Amino acid sequence: MPRSFLGPLGRDHDRLHLVLMLALTFSTGIADAVGYLGLDRVFTGNMTGNVVILGMALAGGDDLPVAGPLLALGTFMAGAVVAGVVLRPVPVGWTSRTTGMLVTVGLVLAAIAVLLVVSADDLPHGVQLTVTGLLAFAMGTQAATARHLAVKDVTTVVVTSTITGVAADSRLAGGNGHHAGRRILAIALICAGAAVGALLLQAHLAWGVAVSAVLTLAVAALGHPSGHTSEEA
């Protein structure tokens, strides 16, 4: 991607980190499609959606889940706490601990894919909740790791604030459109990931999770060599 499209990035590793975080954004779209379409309307990456679903369910909305969104919220936060504890002692940026967190996410996703392959096609409710919890834990860990990497305007899980930034900073609003390219890419990629996840569900529930696992492990492998810029004390 040309430098002018991605924004004024100072060094090659910054450009690499941006591309890798965009790849994780795509992966989040896949995971959310799996959760919402395959696991009883639960978002595993987009917690705003779960809060809204939970609020409507508690107000008596017809056939809306309560246990799934509650579990996803709790395990997402748990994953973020784990990543926060592990990464807090090291400087912001890519270190071996950052790689370790992303490898952990990839391995959890791979384990979920295996669980889905060996389970019956009609998943018992308990298995659905287990998969929901593990997926949300993985997405929380990923989100906190992305936050530590601090790639501007790319959180891998949040879209509403990104859309707000595109509009509020646009030339139409009197701004300069700074970082519009990466913001638009993040929005497009999470949408594309959701579409791919929905298509993969037609084959098997495990396929979307497996693709997310491969993407996450690839991101960890490609990002790690650039980690020389900040190492643990």
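None of these values were measured; they are calculated from a predicted model.

S.K.: Talk me through the packing of helix α5 (residues 96-118) against helix α9 (residues 205-223); I want residue IDs and the actual numbers.
M.R.: Put simply, α5 and α9 touch, their axes get as near as 8 Å, and they point 160° apart. Here α5 is positioned roughly antiparallel relative to α9, judged by the angle of their axes. Relative to α9, α5 is oriented so that their crossing is left-handed. For the pair α5 and α9, the contacting residues are T99, L102, V103, V105, G106, L107, L109, A110, I112, A113, L116 and V117 in the first and L205, A206, V209, A210, S212, A213, T216, L217, V219 and A220 in the second. Classifying every residue of the contact of α5 with α9 by side-chain character gives 18 nonpolar, 4 polar and no charged.

S.K.: Can you lay out the environment of W94 for me, pointing to particular residues and giving the numbers?
M.R.: Along the chain, W94 falls in the loop between α4 (67-87) and α5. Judged by relative accessible area, W94 falls into the buried class, the value being 0%. In sequence terms W94 and V81 are 13 residues apart; their C-alpha atoms lie 18 Å from each other. At a separation of 2.7 Å, a polar atom in the side chain of W94 contacts the side chain of T99.

S.K.: So what about the confidence of the model for the chain? Which residues, and what values?
M.R.: Here the chain averages 86 in pLDDT, while 90% of its residues score no lower than 70. Taken as a whole, residues 1-10 scores under 50 in pLDDT and shows 21 contacts with residues more than four places along the chain or in a different chain. Confidence drops under pLDDT 50 across residues 226-233; counting only partners more than four residues distant or on other chains, this segment forms 18 contacts.

S.K.: Could you give me a rundown of the packing of helix α2 (residues 12-38) against helix α8 (residues 180-201), with the residues and numbers involved?
M.R.: Between α2 and α8, the least distance of the axes is 7 Å, while the angle of their chain directions is 40°. As judged from the angle between their axes, α2 and α8 are oblique. Crossing of α2 over α8 shows right-handed handedness. Mapping the contact onto sequence places L18, L22, T25, F26, T28, G29, I30, A33, V34, L37 and G38 in α2 and R182, L185, A186, L189, I190, A192, G193, A194, V196, G197, A198 and L201 in α8. Among the residues making up the contact of α2 with α8, the classes are represented as 16 nonpolar, 6 polar and 1 charged.

Cut-off values and rules
- Residues numbered from 1 in each chain as written.
- Predicted model: local features only at pLDDT ≥ 70, side-chain atom pairs only at ≥ 80, totals over all residues.
- Heavy atoms only, no water.
- Axes fitted to C-alpha atoms, helices over the stretch in contact; angles between N-to-C directions.
- Helix = DSSP H or I, 4+ residues; strand = E, 2+ residues; numbered from the N terminus.
- Parallel < 35°, antiparallel > 145°, perpendicular 65-115°, else oblique.
- Left-handed = near helix turned anticlockwise from the far one by under 90°.
- Contact = heavy atoms within 4.5 Å.
- Nonpolar A, V, L, I, M, F, W, Y, C, P; charged D, E, K, R; others polar.
- Buried < 20%, exposed > 50% of the residue type's maximum accessible area, 1.4 Å probe, protein only.
- Polar contact = N/O pair within 3.5 Å; in protein donor to acceptor, adjacent residues only side chain to side chain.
- pLDDT = per-residue confidence, 0-100.

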